[in-house]
There are 2 protein chains.
Amino acid sequence: MSAIASALRAIVGDGHLLQDPEAIQSHVIDWRRRFAGEALCVVLPNTAEDVSRVVKTCSEMGVAIVPQGGNTGMCGGAIPQSGQPSVVVAMRRMNRIRNVDPIDGTLEVEAGCTLVAAQAAAEKVDRLLPLSLGSEGSCQIGGNIATNAGGTSVLRYGPMRDLVLGIEAVLPNGAVFRGLNRLRKDNTGYDLKHLLIGSEGTLGIVTAAVLRLFPRMPATATAFLALGSLDKALDILGRLSVRFGGRVANFEVMSAGQYDLVLKTCPETRPPLPPGHAWYALLEVDDTGDANDLPRLLQGALAVDVEAGRVEDAVVAASVSQGKAFWSIRHAVTEANMRAGYSVSHDTSVPVSAVPAFNQNVEAALKAALPDALVNHVGHLGDGNIHVVVILPRDRYSGSGSIERAFRIAGEIVDRETLALGGSISAEHGIGQSNVRRLNSAKDPVALDLMRQIKSLLDPQGIMNPGKLF
Amino acid sequence: MSAIASALRAIVGDGHLLQDPEAIQSHVIDWRRRFAGEALCVVLPNTAEDVSRVVKTCSEMGVAIVPQGGNTGMCGGAIPQSGQPSVVVAMRRMNRIRNVDPIDGTLEVEAGCTLVAAQAAAEKVDRLLPLSLGSEGSCQIGGNIATNAGGTSVLRYGPMRDLVLGIEAVLPNGAVFRGLNRLRKDNTGYDLKHLLIGSEGTLGIVTAAVLRLFPRMPATATAFLALGSLDKALDILGRLSVRFGGRVANFEVMSAGQYDLVLKTCPETRPPLPPGHAWYALLEVDDTGDANDLPRLLQGALAVDVEAGRVEDAVVAASVSQGKAFWSIRHAVTEANMRAGYSVSHDTSVPVSAVPAFNQNVEAALKAALPDALVNHVGHLGDGNIHVVVILPRDRYSGSGSIERAFRIAGEIVDRETLALGGSISAEHGIGQSNVRRLNSAKDPVALDLMRQIKSLLDPQGIMNPGKLF
């Protein structure tokens, strides 16, 4: 056993240090099998003090550390970079709910707790932890914080950053930052937690957090709309926002091609509305329980819009199961695109008002450069977050060379049009390993320089999650 | 004219550099006349490039810089520290609305724009900029950002930090940080704007920002409640939050003594409810226009609470003017306390559930230490932000020695009880010059050390607003 492994085993105890190749396999390859690295060992700490001692030991021995949650990221941020054998600090033992308080509206939870377990702890006291992601069964709170996770509830509640009141974290020098603040207001100096949120484990390891809870919203109205254009979709979203205030919880759009493809390739889906329209939207309005008859109110509002020609067609779910059927169309998107060919999805955000222009520009440029490709659009319109999906038909593309070349061309086009409209090349997925080069060319040089300086300040040895972000 | 003044005049042009003692008077003394410093000159830049050149010049000459907005702060943060003649950079010429977009829900505005002008620009496109403060007629957006301003809309919309999407700022080395992001989602590295928000001008000068706008909420219901205890107030706030979701906009409480004092000393006020109850609350629920009959809904909810004995008495405003009369009680608090004696107000936040314990502990300790003093409590219950007001009767205290001594004792008691409950010694007013010593003893040493390191990294010369925060 190596010197570092014995030193770390002495900290966490027998059975909490993994070295067996089979045992560490799931910690060095990401779930989509796109990134693979090498681990000296995987260490499973039980307390913030454990983490502190692990980090100090690695620092003394000059060994790289990779913090890891549920390993559900999209950009390889939780996998050691290839060629640099690292100590993986997997947080799953630190999965305790420390405190939940419905009066404070707070949940104090350890980093290794899964999102679904944290949601359940909130529900137990009749409160809502709004963060919701496809991977919520296995992703962990620490990873959600390190990547500033987004998901489907951002329109109403904001991303993870907006839900974090306090953080406990171990810094690259092993010091424990004790910021488990439960306060709504605190103006006592720099807000250091925001430096750690979204830092992808490059500035320290989050060990626990205090999250904000909200009243549950048991009343829901779900609608499916057919729309003539993205401009009309924006108009309707604006009208609904004025009509329903903060109660508009989701507004997901998809292009006609995306809608048709889902219905064609996923036989379990049923069309809520006939094909032939340019865009479709799925929207939800939610509210506290006994407020009023929400589906009827939504029906009334949309009827006026249909009458006025602003919406081409609309249907409000008459039951919970019909609402779920609407959502099944949205949830089948990834599967449908994968079935249709080799697919890549981009994670763009632009100012909300620029979404139509972005869509047109990208569509035209992709058609010109890759005439064989199918291009679908799906996204969270209210966040300005559109995923442009490029699908290469299997009968026209073969061999990794031609696929990679086409994906590279598509990525360059999407990035160019994104930046031209003041957008972000990574709206919610982060940078990790895969987007470092893109970040370098997209980010303001002053910001990038400041990021590098802060990284060097906190982690002069460069041992904390190297190869990520920078 | 000094070398620095001539160099700066060459940047901003004739007429935009003030040296005349009378002209600079209002820039070197705060509005409450508690802090006074010396200025080498006051410079009025017109663009971010002006600010950049001013900062570079001061950096080359090793001269201290004090950024200044409306000079409405409570802690001397915008006034040169005594004994260090400084260049005051007053932002009032940079007061342009650069862009307002109701679809994006964004307002791009320069730092020197007053809050009231920014609110008006939002209203022009039928949107709401929710930040609202007593000083909104003269405070400026740059100062609101630098101090992470709070005010009366935090319960529903959060403090200034939550309203800022993007920032343009000049760093202490003169570099312009161009982060005028209009995006709701952007996960491309460290979120540097959060380092500048609330940094009180110690890390740079904010020159412009993109702020979030919301739908306007024209429907309002205002109620005044009599409550048996703070625990009961918390219970009612919780019930209303579940009943009305995010629509509870304000929940202000005051102690019986505070209520009685306002009615006694401010003859223009009328009691909405009879005296004799332990606590009073003023609450407002607001919503989009045509949603429903909000006052009737609030009346119904409160009637159930009165029936069940959870509320001792309640009245819902029957008209806008009656609602305003309720608010006039709240707005008269500062004036009433000043009329009653020598008064000092503390700016505490604790976890919401700890407010009753905080109140009891502080009340008991203050009564024991200062039996002659009157102690009132007023605050934003939903934010856990209680202002403990200590009033020394003029007939029992005279001479600054005994007053200062009593205020010091009161401050030590309030801080001790605040920290014992995991609270913050400065919920919304910041640190500035006046709270530096208190911050040093209250803040986690790891956090304080990290703050100092970041300050040294960005401002190695220590020229940017010296004597503030540290």
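Residues numbered from 1 in each chain as written. Chains lettered and ligands numbered in written order. Predicted model: local features only at pLDDT ≥ 70, side-chain atom pairs only at ≥ 80, totals over all residues. Heavy atoms only, no water.

Let's shift gears to the relation of the copies chain A and chain B. At an RMSD of 0.0 Å, chain A and chain B line up after a rotation of 180° and a shift of 0.0 Å along the axis. Both copies of the chain, as the preceding transformation shows, are related through a two-fold rotation axis. Within chain A, His 194 of chain A has its C-alpha nearest the rotation axis, a separation of 3.1 Å. The fraction of interface residues of chain A whose copies in chain B are also interface residues reaches 100%, indicating that both copies meet through the same surface. (Least-squares fit on C-alpha atoms with pLDDT ≥ 70 in both. Contact = heavy atoms within 4.5 Å.)

What follows deals with the pattern of salt bridges. Residue and element names in this part refer to chain A. On inspection of all chains with the given rule, the structure shows 53 salt bridges over all chains. With a closest N to O distance of 2.8 Å, Asp 126 and Arg 216 form a salt bridge. Here Asp 126, found in the loop between α4 (115–124) and β7 (127–128), pairs with Arg 216, found in the loop between β11 (214–215) and β12 (219–227); they are 90 residues apart in sequence, far enough to count as distant. Judged by its relative accessible area of 36%, Asp 126 is partly exposed. Given a relative accessible area of 34%, Arg 216 falls into the partly exposed group. (Salt bridge = Lys/Arg side-chain N within 4 Å of Asp/Glu carboxyl O. Helix = DSSP H or I, 4+ residues; strand = E, 2+ residues; numbered from the N terminus. Buried < 20%, exposed > 50% of the residue type's maximum accessible area, 1.4 Å probe, protein only.)

Here we come to the UniProt feature "domain: FAD-binding PCMH-type" (unreviewed entry) in chain A. The residues that UniProt annotates with the feature "domain: FAD-binding PCMH-type" (unreviewed entry) are residues 35–216 of chain A. Taken end to end, residues 35–216 of chain A has its terminal C-alpha atoms 38 Å apart, with 23% of it in helix and 26% in strand. (UniProt positions renumbered as here; feature names shortened; annotations may be inferred.)

On to the sheet that holds strand β8 (residues 164–170) of chain A, then. Residues and elements named next belong to chain A. Pairing is antiparallel across the open sheet formed by five strands, whose spatial order is β5-β6-β10-β8-β9. Across the chains shown, the open sheet's two edge strands, defined by having one partner strand only, are β5 (97–101) and β9 (176–179). Neighbour to neighbour, the strand axes of the sheet diverge by 15° on average, direction disregarded. Pairing analysis gives four bridges linking β8 to β9, with the strands arranged antiparallel. Looking at β9, one finds that Glu 168 is bridged to Arg 178. Sheet contacts for α4: β5 and β6 (106–110); angle to β5, the most-contacted strand, approximately 35°. (Pairing = 2+ DSSP bridges. Axes fitted to C-alpha atoms, helices over the stretch in contact; angles between N-to-C directions.)

We now examine the domain arrangement of chain A. By a widespread convention, an interface's size corresponds to the accessible area lost as its parts come together. Splitting chain A by domain gives domain 1 (97–215), domain 2 (219–330) and domain 3 (341–420). A separation of 31 Å is found between the C-alpha centroids of domain 1 of chain A and domain 2 of chain A. (Domains from an automatic or database assignment.)

Here the focus is empty space enclosed by the protein. Residue and element names in this part refer to chain B. Taken as a whole and assessed by the stated rule, the structure comprises four cavities of 30 Å³ or more. By volume, the largest cavity is sized at about 50 Å³. Considering the residues around the largest cavity, the lining is formed by 13 residues, among which Thr 152, Leu 155, Glu 252, His 380 and Asp 383 are closest to the centre. Counting residues per element, the ones that place at least two in the lining of the largest cavity are α6 (154–157) and β13 (248–255). (1 Å grid on protein atoms, 1.4 Å probe; cavity = no way out; pocket = protein on both sides within 12 Å on 5 of 7 lines; lining within 4 Å. Points joined across faces, edges and corners; volume = space filled by probe spheres on them.)

Another aspect to go through is the pairing of strand β4 (residues 86–90) of chain A. Residue and element names in this part refer to chain A. Burial analysis of β4 places five of its five residues in the buried class, the great majority of the element. Taken together, the four bridges between strand β2 (residues 39–43) and β4 define a ladder with parallel strand orientation. Directly across from Cys 41, in β4, lies its bridge partner Val 87. Two strands pair when backbone bridges link them, and strand β3 (residues 65–68) and β4 are joined in this way by four bridges, in the parallel orientation. Bridge pairing in β4 links Val 66 to Val 88.

This paragraph deals with the interface of chain A and chain B. Taken residue by residue, the interface counts 80 residues in chain A and 80 residues in chain B. Between chain A and chain B, the buried area comes to about 6,400 Å², and carbon and sulfur atoms account for 57% of it. Viewed at the interface, chain B and chain A are joined by eight salt bridges. For Arg 161 of chain B, the salt bridge goes to Asp 191 of chain A, with nearest N and O atoms at 3.4 Å. Where chain A touches chain B, the interface holds 38 residue pairs in polar contact (both at pLDDT 80 or more). Elements represented by at least two residues in the side of chain A that touches chain B include exactly α6 (154–157), β9, α8 (193–196), α9 (230–244) and α17 (445–458) of chain A. (Buried area = accessible area lost by both parts, 1.4 Å probe. Polar contact = N/O pair within 3.5 Å; in protein donor to acceptor, adjacent residues only side chain to side chain.)

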